[in-house]
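Architecture at a glance
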Amino acid sequence: MIERRKNILLFGILILVLILFPFLASNYWIRLFTGIFMYGTLAQATNILMGFSGLVPFGNVVFFGIGAYFTGIAMLSLGFPFFIALVLGASACFVFAFVVGHPVLKLKGHYFAIATMGISEAIKQIATNVKITRGGMGLNLPLVPLEVNTSYLFFYFLMFSAMILVTIAAFWISKNRIGYALRAIMSNEDGAKSIGINTLHYKVLAWAISAFFTGLAGGIFAYWYGYIDPPSVFDIGISVRFIIMILLGGAGTIVGPLLGASFIELLSETVWSQFLFIHLGVLGAIIVLVVIFMPKGFLWFYRQKFSLEALLENVRKGKL
Amino acid sequence: MEVLLSIKNVSKYFGGLGANKDLSFDIEKGEIIGLIGPNGSGKTTLINVITGNYAADQGSIRFKGHEILGLKPYTINRLGIARTYQVVQPFVGMSVRENVVAGVLFGRDGKGRKMKAAWEKADEVLELCHMQEKKNEMVENLTIADVKRLEIAKAMATDPDLLLLDEGMAGLNPKEIDDALELITKINKMGITLLVVEHVMKAVMSISQRVVVLHQGLLMAIGTPETIVRDEQVIKAYLGEKYTLRRKDQGEAKKL
Amino acid sequence: MLILQVLINGILIGGLYGCVAVGFSLVWGVSNIINLSHGIFIMLGAYITFWLFTLFHIDPFLTIPISATILFLVGYLVQKFLLNYVVGYTQQSGFGVFLSLILTFGLARVFENLMVGIWSGDWRSVTTTYSGLSLHLAGVSIPYIRIAVFGVALLSAGLLSIFLYRSRAGMAIRAITFNTVGAQIVGIELDRIYNITFALGAALAGIAGSLVSLIYSFSPFLSTPYLSWAFVIVVMGGLGSIYGAIAGGILLGIIESVASVYVGPGYQQAIGFIILVLLLVFRPQGLFGKKFLK
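What you are looking at is a predicted structure, and each value in this text was computed from that prediction instead of being measured. (Residues numbered from 1 in each chain as written. Chains lettered and ligands numbered in written order. Predicted model: local features only at pLDDT ≥ 70, side-chain atom pairs only at ≥ 80, totals over all residues. Heavy atoms only, no water.)

**Section: the overall build of chain A**
A count of helices and strands for chain A gives 15 helices and two strands. Going through the 320 residues of chain A one by one, you find that 58% of them count as buried. Taking the contacts inside chain A whose residues are at least 6 apart along the sequence as the reference set, 77% of them involve residues at least 24 apart. Summed over its atoms, the accessible surface of chain A is roughly 13,700 Å², and 71% of this surface lies on carbon and sulfur atoms. (Helix = DSSP H or I, 4+ residues; strand = E, 2+ residues; numbered from the N terminus. Buried < 20%, exposed > 50% of the residue type's maximum accessible area, 1.4 Å probe, protein only. Contact = heavy atoms within 4.5 Å. Areas by Shrake-Rupley, 256 points an atom, 1.4 Å probe, with all protein chains shown as cover.)

Laid out in structure tokens, this is it:
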């Protein structure tokens, strides 16, 4: 009980700090944290599907792109105000995932992963060729009607809210029937079917929810950056990045993905500023090392009490 | 007696192999019916066909008068048929209680249930199956007997009218078998009909009102345990031709 | 005769596609490793040929054995010192399989950066004196280079096939595809076989890369299309099947060739991916009936 109260208190303090922070920090830091919140949202969104059901949607970035483009096009071509365009974009992602999910989620594990990659790449190419998206030239969103410093704050709090929202969703799902269904499916799909779980339905629902929040982040991103093009918003690298964040922090936990996102984003920023030229390479190398030494994530590692034996045991086990 | 499940001319082929060939029999409401037969005779296949895990190639299965052949496993479960698996399928990473809650949430009346009500019903089921003390254990830490008991608890959580038990006694010692039999009897007294697939003869014979014998996919015999035990064909199938001839000779010798 | 030209173009380039896919399919089928570095290995092969041709004026086709050897070594080292640590996980269920995906993804980024550092990100290509020459037959124009590329691609696949079916190491590789435990029982050392398999896959990528340098422009950042072709072809042709990879490659070549004329050049990859998804959903065993291994 005391443990519980302590956690809630810590959490509350953290939230308070994060709310007050932007009023005291420089724009550089505000931007950095906005980026962290964005990846936090993305990681948590995909965690809803991946962490509970074990399915890895390598192509989930497609929803980031769809959300970004829908928001952009709705504002540009249809003149919708930002918030409406944003919700439209996220909803479009939900619908898309719901429809496509029915055939695609019948696939097992890695075939689902590959199919999602295929879908993402196909949509990317289509977006590059279709007129309405302005193709490879990219889309310029309407300017944000706010003064510079205010706009920094605006996007900070917007991304922060998105991250809080998706985290609440993930928490709620874990405690309710969707969470049970997904965990049962991950453990034992036949067993799940035998106790009355319509496995396809729950997988599709989880994917659609993850799509919604991924699209939400995409829409905010589009308005934030002001310019989007297919290679940047449909980049599989983004998916891999947030999947690594989930694995790093601990898939299936609520806090894990957020930890993972913070770590990788801060690390990336440090590396970028120190090793400008080869930062991607160094990041790649770090990914490689993390995968080898901590395949089950930070929280697992933390529970192992940081023991060196556990680390070596893990390496040995990986070596068969 | 009222017929609960009616199996008619059910066949299931895997390539050229006939796992179930033209099986027909009825299960009566409230009975415990045993299903025995040598390995490979088609017992588990039949269970999978009934529960919708396999699609039958031919035939009809009616449950409470409604055709269930072709329905999905989760639909069939919600109609009132539950099963356990020969190779147990507990939900790893969840506690005993959570496993049962899963069954409660998605089984027959699961849809409308709120979480709190689900937890309470789960506790009732655990109580019934004598698993309350272990309720917060993670399934990875359970003994084989407990895991098998959990299988039954999960199935019971879905509120079935018909429970199909697939070799629930395999790997249990005599005391554990007795406990399992006691649980099965208790469940039956609650009004639930049971189909028990078993290799442990003493167990299935002592508890069943009727027994169905499968052999190489065909229905070989059906009757009370006493009749089955004396049936020549059954003895031949289980114990071999030589034994049967030897018994016959002994029988002849005795008569003389 | 437009249709004939389109078909021939498709078949010839399809041979190259097949060569691109064979190594990828082998590694996936045997070791259950989805090598996202495969595309960058191909680029490496292209650069090796480019370097040897530009600096030492060696004919590109003669550089093929060199690029194959270098990539073989690279692949061997990668498997031995990196991938073997996660192979244990890839055999289990759960997230294990994805570790190899993530590892090879990270590795690809490292290689990419190294290559940009050495060769810069500029687009390169290899143009020989005979690059522009074509055979003119029955109203169709067939560049000699493409015929040669097709020939080498098929030859490589053939050599691999001979290796797999006639040599001891090859038999060991085929044995573990079906049963790792069974293979170990008869004394096959899993680790060494994984090393050789991955090395072979890389070598084939090297060969494909050398061939690519003659036909396409390349740069460290242009590795993705090759990877995507590999994926589609593996699903089409069946996992671990050499014949399937070549046949699938040729089929994909024809489809893309036809599509680029009748639908529009920009949609080539999109069509490939849509086929991939449709196949996965409706015919996961591939077009040629080979079962997908678990």
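**A few points about the interface of chain A and chain B**
Facing 19 residues of chain A, the contacting portion of chain B comprises 26 residues. For the pair chain A and chain B, the summed buried area comes to about 1,900 Å², and 59% of that belongs to carbon and sulfur atoms. A per-residue breakdown of the area chain A buries against chain B is headed by A:Arg177, A:Tyr180 and A:Ile195, which together make up 38% of the total. Two residues, B:Glu98 and A:Arg183, come together in a salt bridge whose shortest N-O distance is 4.0 Å. At the boundary of chain A with chain B, the tally comes to ten residue pairs in polar contact (both at pLDDT 80 or more). The set of elements that each furnish at least two residues to the side of chain A that touches chain B consists of α7 (177-187) and α8 (189-194) of chain A. The element best represented in the side of chain A that touches chain B is α7(A), accounting for six residues. (Buried area = accessible area lost by both parts, 1.4 Å probe. Salt bridge = Lys/Arg side-chain N within 4 Å of Asp/Glu carboxyl O. Polar contact = N/O pair within 3.5 Å; in protein donor to acceptor, adjacent residues only side chain to side chain.)

**Let's talk about the domain arrangement of chain B**
How large an interface is tends to be reported as the accessible area lost when its parts come together. Residue and element names in this part refer to chain B. In terms of domain boundaries, chain B breaks down into domain 1 (3-80 + 160-255) and domain 2 (89-159). A straight line from the C-alpha centre of domain 1 to that of domain 2 covers 26 Å. Counting from both sides, the interface comprises 23 residues of domain 1 and, opposite them, 15 residues of domain 2. Interface area, domain 1 with domain 2, both sides summed: about 1,500 Å², of which 62% is carbon and sulfur. Contact with domain 2 buries surface across domain 1, with Arg78, Pro160 and Leu183 losing the most and accounting together for 35% of the total. At the boundary of domain 1 with domain 2, the tally comes to one salt bridge. A salt bridge links Asp161 to Arg108, with the nearest nitrogen and oxygen atoms 3.1 Å apart. In this assembly, domain 1 and domain 2 are joined by six residue pairs in polar contact (both at pLDDT 80 or more). Among the secondary structure elements, those contributing two or more residues to the side of domain 1 that touches domain 2 are α2 (73-79), β7 (162-166) and α6 (174-189). It is α6 that contributes the most residues to the side of domain 1 that touches domain 2, seven residues altogether. (Domains from an automatic or database assignment.)

**Some points on the sheet that holds strand β8 (residues 193-197) of chain B**
All names here are of chain B. Strand order in the open sheet formed by six strands is β6-β7-β8-β3-β9-β10, and the pairing between neighbours is mixed. Each having just a single partner strand, β6 (81-83) and β10 (218-223) make up the two edges of the open sheet. Neighbour-to-neighbour, the strand axes of the sheet open up by a mean angle of 20°, direction not taken into account. Pairing analysis gives four bridges linking strand β3 (residues 32-36) to β8, with the strands arranged parallel. Opposite Leu35, over in β8, you have Val197 as the bridge partner. Here helix α1 (residues 43-51) sits on the sheet in contact with β3, β6, β7, β8 and β9 (210-215), set at roughly 150° to β7. Contacts from helix α5 (residues 144-157) reach β6 and β7, with the element oriented near 160° to β7. (Pairing = 2+ DSSP bridges. Axes fitted to C-alpha atoms, helices over the stretch in contact; angles between N-to-C directions.)

**Considering the pattern of salt bridges**
Side chains that carry opposite charge are capable of pairing whenever their charged atoms lie near each other. Throughout the structure, instances matching the rule amount to 16 salt bridges over all chains. A salt bridge links B:Asp179 to B:Lys175, with the shortest nitrogen-to-oxygen separation between them at 2.8 Å. Remark: B:Lys175 and B:Asp179 occur in helix α6; sequence separation between them is four residues, near one turn of the helix. Notably, a salt bridge pairs C:Glu112 with C:Arg109, separated by 2.8 Å at the nearest N-O pair. With C:Glu112 and C:Arg109 both in helix α4 (residues 96-119), this residue pair falls three residues apart, about one helical turn. C:Glu112 sits in the buried class, given a relative accessible area of 6%. Among the ionic contacts, a cluster of salt bridges with common partners joins B:Lys64, B:Arg108 and B:Asp161.

**Description of the environment of A:Leu78**
For A:Leu78, the location among the structural elements is in the loop between α3 (61-76) and α4 (82-104). C-alpha separation for the pair A:Leu78 and A:Met163, spaced 85 residues apart in sequence, amounts to 28 Å.

**A few points about the sheet that holds strand β1 (residues 3-14) of chain B**
Judged by pairing direction, the sheet is antiparallel, and its four strands sit side by side in the order β2-β1-β4-β5 (chain B) without closing on themselves. Of all the strands in the sheet, just β2 (17-28) and β5 (66-67) of chain B have a single pairing partner and so form its edges.

**Description of a nonpolar patch on the surface**
Residues and elements named next belong to chain C. Taken together, the side chains of Leu2, Ile3, Leu4, Leu7, Val261, Tyr262 and Val263 make up a nonpolar region of the molecular surface, amounting to roughly 620 Å² of accessible area. Sorting the residues of the nonpolar patch by element identifies α1 (2-31) and α10 (242-262) as the ones contributing at least two each. Among the secondary structure elements, Leu4 is positioned in helix α1. (Patch = residues over 30% accessible without salt bridge, like charges linked within 9 Å, V, L, I, M, F, W, Y side chains within 5 Å.)

**Looking at the packing of aromatic side chains**
All names here are of chain C. Taken as a whole and assessed by the stated rule, the structure comprises 41 aromatic pairs over all chains. On the numbers, 6.1 Å between centres and 80° between planes, the contact of Phe41 with Phe198 is edge-to-face. You can see Phe41 sitting in helix α2 (residues 38-56) and its partner Phe198 sitting in helix α8 (residues 190-215), a full 157 residues away along the chain. Here Phe41 matches Phe198 in class, with each residue buried. (Phe/Tyr/Trp six-rings, centres within 6.5 Å; stacked < 30°, edge-to-face > 60°.)

**Some details on unusual backbone geometry**
Residues and elements named next belong to chain B. Although it is not a glycine, Asn9 sits at a positive phi angle of roughly 50°. Locating Asn9 in the fold gives a position in strand β1. Phi is positive for His130, which is not a glycine, with a value near 55°. Following the sequence through the fold, His130 ends up in the loop between α4 (115-128) and α5.

**Here's the deal with the nonpolar core**
Counting residues in each nonpolar core, the largest one holds 242 residues, and the members touching the most others are A:Phe58, B:Leu163 and C:Leu211. Among the elements that make up this core, the one with the highest residue count is helix α9 (residues 199-225) of chain A (17 residues). Both domain 1 (3-80 + 160-255) and domain 2 (89-159) of chain B contribute no fewer than three residues apiece to this core. With residues near it in sequence (within four places) discarded, C:Leu211 still touches C:Leu16, C:Cys19, C:Phe61, C:Ile64, C:Val149, C:Val152 and C:Ala153. (Core = buried A, V, L, I, M, F, W, Y, C linked by side-chain atoms within 4.5 Å.)

**Here we look at the packing of α3(A) against α9(A)**
Each pair of packed helices can be summarised by the angle the axes make with each other and by the distance between the axes. Residue and element names in this part refer to chain A. Taken N-terminus to C-terminus, the directions of α3 and α9 make an angle of 50°; their axes are 6 Å apart at the nearest point. Accordingly, the angle class assigned to the pair α3 and α9 is oblique. As α3 packs across α9, the resulting crossing turns out to be right-handed. Residues Phe63, Phe64, Gly67, Ala68, Thr71 and Met75 of α3 form the contact with α9, whose participating residues are Trp207, Ala211, Thr214, Gly215, Ala217, Gly218, Gly219, Phe221, Ala222 and Tyr223. Partitioned by chemical class, the residues of the contact of α3 with α9 number ten nonpolar, six polar and no charged. (Parallel < 35°, antiparallel > 145°, perpendicular 65-115°, else oblique. Left-handed = near helix turned anticlockwise from the far one by under 90°. Nonpolar A, V, L, I, M, F, W, Y, C, P; charged D, E, K, R; others polar.)

**Considering the pairing of strand β4 (residues 58-63) of chain B**
Two faces make up the sheet, and in a regular strand the side chains alternate between them. All names here are of chain B. The pairing of β1 with β4 spans five bridges and is classified as antiparallel. Directly across from Ser11, in β4, lies its bridge partner Gln58. Pairing between β4 and β5: two bridges, direction antiparallel. Pairing of Arg62 across the sheet is with Glu67, part of β5. Connecting β4 to the next strand, β5, in antiparallel fashion are two residues, including Lys64 with a positive phi near 50°.

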